[in-house]
Amino acid sequence: MNANLKKLIRCLSDGKFHSGTRLGEVLGITRGGVWKLARKLPALGIEIESVVGKGYCIPCGLSLLNLAKIKNYIDKNHLAQIKKIELFDQIDSTNNYLMQLAQKLSAKKRNEIYVCLAEQQLKGKGRLGRQWVSPFGANLYLSMLWSFAKDVSAISGLGLVVAVTIADTLTSIGIKKIGLKWPNDVLWQKRKLSGILIEVSSEAYGIGNAIIGIGLNVAMPAHAGKLINQPWVDLREITDELQDRNQWAGLLINNLAHNLNLFRQKGIKAFLQKWRKLDVCMNQPVCVITPNDKVCGIAKGIDDHGRLCLKNKAGKILTFSSGEVSLRF
Ligand code: BTN
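Note that the structure is a prediction, hence the values are computed from the model and not measured.

(A) The arrangement of the site of the ligand in detail. Taken together, 20 residues form the shell around the ligand, and within it Ser93, Gln121, Lys125, Arg127 and Lys192 come nearest. A distance of 2.7 Å separates a nitrogen atom of the ligand from a polar atom in the backbone of Lys125. Note that an oxygen atom of the ligand is positioned 2.6 Å from one of the side-chain N or O atoms of Lys192. The set of elements that each furnish at least two residues to the shell around the ligand consists of α6 (94-104), β5 (140-148), β8 (191-202) and β9 (208-216). Among the elements that line the shell around the ligand, the one with the most residues is β8, at four residues. Classifying every residue of the shell around the ligand by side-chain character gives six nonpolar, 10 polar and four charged.

Right, dumping it as structure tokens:
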């Protein structure tokens, strides 16, 4: 990203009005140059206001990411386990970045965690080939590369572990009414607050890589929100304030590192009780959509492997290890 554009975003991130003249002085360019730069902000997904006599402003401001601040929220023992945390201004997808990195790394050096964060994703990926709306500086786009030394089936419950981790992190900061929709949607009053995309690649020596991608809506600009075709919510609406994204990134990385260690030692059973407490589908009429089928019935929670149980019309319990659940509230 152009250095002046970055400086301009930083100046305006306080949410106050700054005159074109003053911004020009700070950036070492003309007022016209400031105007040209400011016109680039909407394409990044940043809302900008310009008022004659007052200048430019990003309404409500932005909480920009800063690696040093993020690391303050991560315990020393977890930091020691994290080989690298990288932060990009723009990237296609943080998951894609770590997938490529995983392919380059040597299989032997693998009890290490890699983290990638970005201010903006140009091709953010959601589940089932959907797009994940990722405007600049607004939300969290975070991926973690984690390796496991078993076959892929051993990590089938990983999505549930990550969902519980996000829910716990949210509740630890006082956010109430968090629920989980199988397999791993984090909801607030039935609106999506966070999504998880886990991609797995197996490789030689019995080591597999899981790329754990988390999107957390922090302060979605209105125009970007219009591109989302399901009920959603962000932390700004829930808490009525602009949240510090560094805090959320740091806490999520910390808690995820902790729970991944627990998952490695104890498996999914360490998380089942928590997941069940947060299950918004329990005893609700739902439909499970799989690539080839749509099956409706009453959700009956998850079994001990984290699979969804569904009671069909005939009273038979069916189990699903993948699929998309739609609630028929
Ligand atoms: C979902 O559809 O619910 C999953 C959304 C996952 C989005 C995150 S944002 C960080 C990471 N990079 C991506 O491209 N996707 C995931």
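(B) Main features of the state of the cysteines. This model, assessed by the stated rule, comprises one disulfide. Covalent S-S linkage joins Cys287 and Cys296, the inter-sulfur distance amounting to 2.1 Å. Between Cys287 and Cys296 the sulfur-sulfur dihedral comes to about 100°; the bridge is accordingly right-handed. Using a relative accessible area of 31% as the deciding quantity, one classes Cys296 as partly exposed. There is no disulfide at Cys57, and the cysteine sulfur nearest it, in Cys60, is 8.3 Å away.

(C) View of the pattern of salt bridges. Considering all chains together, one arrives at 12 salt bridges under this definition. Here Asp168 ties to Lys274 by a salt bridge, and the two come within 2.8 Å at their closest N and O atoms. With Asp168 in helix α7 (residues 158-172) and Lys274 in helix α11 (residues 272-278), this pair connects stretches of sequence that are 106 residues apart. What makes Asp168 partly exposed here is its relative accessible area of 26%. Residue Lys274 is classed as partly exposed on the basis of its relative accessible area of 43%. Residues joined in a network through salt bridges with shared partners are Arg127, Arg130 and Glu324.

(D) The arrangement of the packing of aromatic side chains in detail. Under the definition given, this model contains four aromatic pairs. Considering the side-chain rings of Trp146 and Phe148, the 6.1 Å spacing of their centres and the 35° angle between planes classify their relative orientation as tilted. Phe148 matches Trp146 in its accessibility class, with the two residues each being buried. Following the ring pairs from residue to residue traces out a cluster consisting of Trp146, Phe148, Phe263 and Phe271.

(E) Just the sheet that holds strand β14 (residues 324-327), in detail. In space, the five strands of this open sheet follow the order β13-β12-β11-β10-β14, with antiparallel pairing throughout. Edge positions in the open sheet fall to β13 (317-320) and β14, since each of these has one partner strand only. On average, each strand axis in the sheet is inclined to that of its neighbour by 45°, with strand direction left out of account. Bridge count between strand β10 (residues 285-290) and strand β11 (residues 293-302): six bridges; the pairing is antiparallel. Bridge pairing in β11 places Pro285 opposite Ile298.

(F) Structural context of the side chain of Gln247. Looking at the element boundaries, Gln247 is found in helix α10 (residues 245-266). Accessibility expressed as a relative area gives 18% for Gln247, which makes it buried.

(G) How the structure looks around the nonpolar core. In terms of nonpolar packing, the biggest core is built from 63 residues, with Leu117, Trp146 and Leu170 touching the most fellow members. No other element matches α7, which puts nine residues into this core. Setting aside residues no more than four positions away along its own chain, Leu170 makes contact with Ile175, Ile178, Val186, Leu193, Leu216, Leu235 and Trp248. Formed by 18 residues, the second largest nonpolar core is a distinct cluster that contains Leu12, Val34, Ala38 and Tyr56.

(H) View of the pairing of strand β7 (residues 185-188). Residues of β7 alternate between two faces, with Asp185 and Leu187 on one and Val186 and Trp188 on the opposite face, all of them buried. Sheet analysis places strand β6 (residues 178-181) next to β7, joined by four bridges and oriented antiparallel. The residue bridging Ile178 from the neighbouring strand is Trp188, located in β7. Hairpin connection of β6 to β7: three residues between the antiparallel strands.

(I) Spotlight on the packing of helix α1 (residues 3-12) against helix α2 (residues 20-27). Relative orientation of the contacting elements α1 and α2 amounts to 130°, with a least axis distance of 10 Å. Judged by the angle between their axes, α1 and α2 are oblique. You can see that α1 and α2 cross each other, and the crossing is right-handed. Counted together, Asn4, Lys7, Leu8, Cys11 and Leu12 of α1 and Leu23, Val26 and Leu27 of α2 form the full contact between these two elements. Grouping the constituent residues of the contact of α1 with α2 by class yields six nonpolar, one polar and one charged.

(J) Representation of the environment of Phe17. Position of Phe17 relative to the elements: it lies in the loop between α1 and α2. Among the residues examined, Phe17 registers a relative accessible area of 28% and is labelled partly exposed. Phe17 sits 39 residues away from Tyr56 along the chain, and the two C-alpha atoms are 5.2 Å apart. What Phe17 contacts, discounting residues up to four positions off in sequence, is Glu49, Val51, Lys54, Gly55, Tyr56 and Cys57.

Conventions adopted
- Residues numbered from 1 in each chain as written.
- Predicted model: local features only at pLDDT ≥ 70, side-chain atom pairs only at ≥ 80, totals over all residues.
- Heavy atoms only, no water.
- Near = heavy atom within 4 Å.
- Polar contact = N/O pair within 3.5 Å; in protein donor to acceptor, adjacent residues only side chain to side chain.
- Helix = DSSP H or I, 4+ residues; strand = E, 2+ residues; numbered from the N terminus.
- Nonpolar A, V, L, I, M, F, W, Y, C, P; charged D, E, K, R; others polar.
- Disulfide = S-S within 2.5 Å.
- Buried < 20%, exposed > 50% of the residue type's maximum accessible area, 1.4 Å probe, protein only.
- Salt bridge = Lys/Arg side-chain N within 4 Å of Asp/Glu carboxyl O.
- Phe/Tyr/Trp six-rings, centres within 6.5 Å; stacked < 30°, edge-to-face > 60°.
- Pairing = 2+ DSSP bridges.
- Axes fitted to C-alpha atoms, helices over the stretch in contact; angles between N-to-C directions.
- Core = buried A, V, L, I, M, F, W, Y, C linked by side-chain atoms within 4.5 Å.
- Contact = heavy atoms within 4.5 Å.
- Parallel < 35°, antiparallel > 145°, perpendicular 65-115°, else oblique.
- Left-handed = near helix turned anticlockwise from the far one by under 90°.

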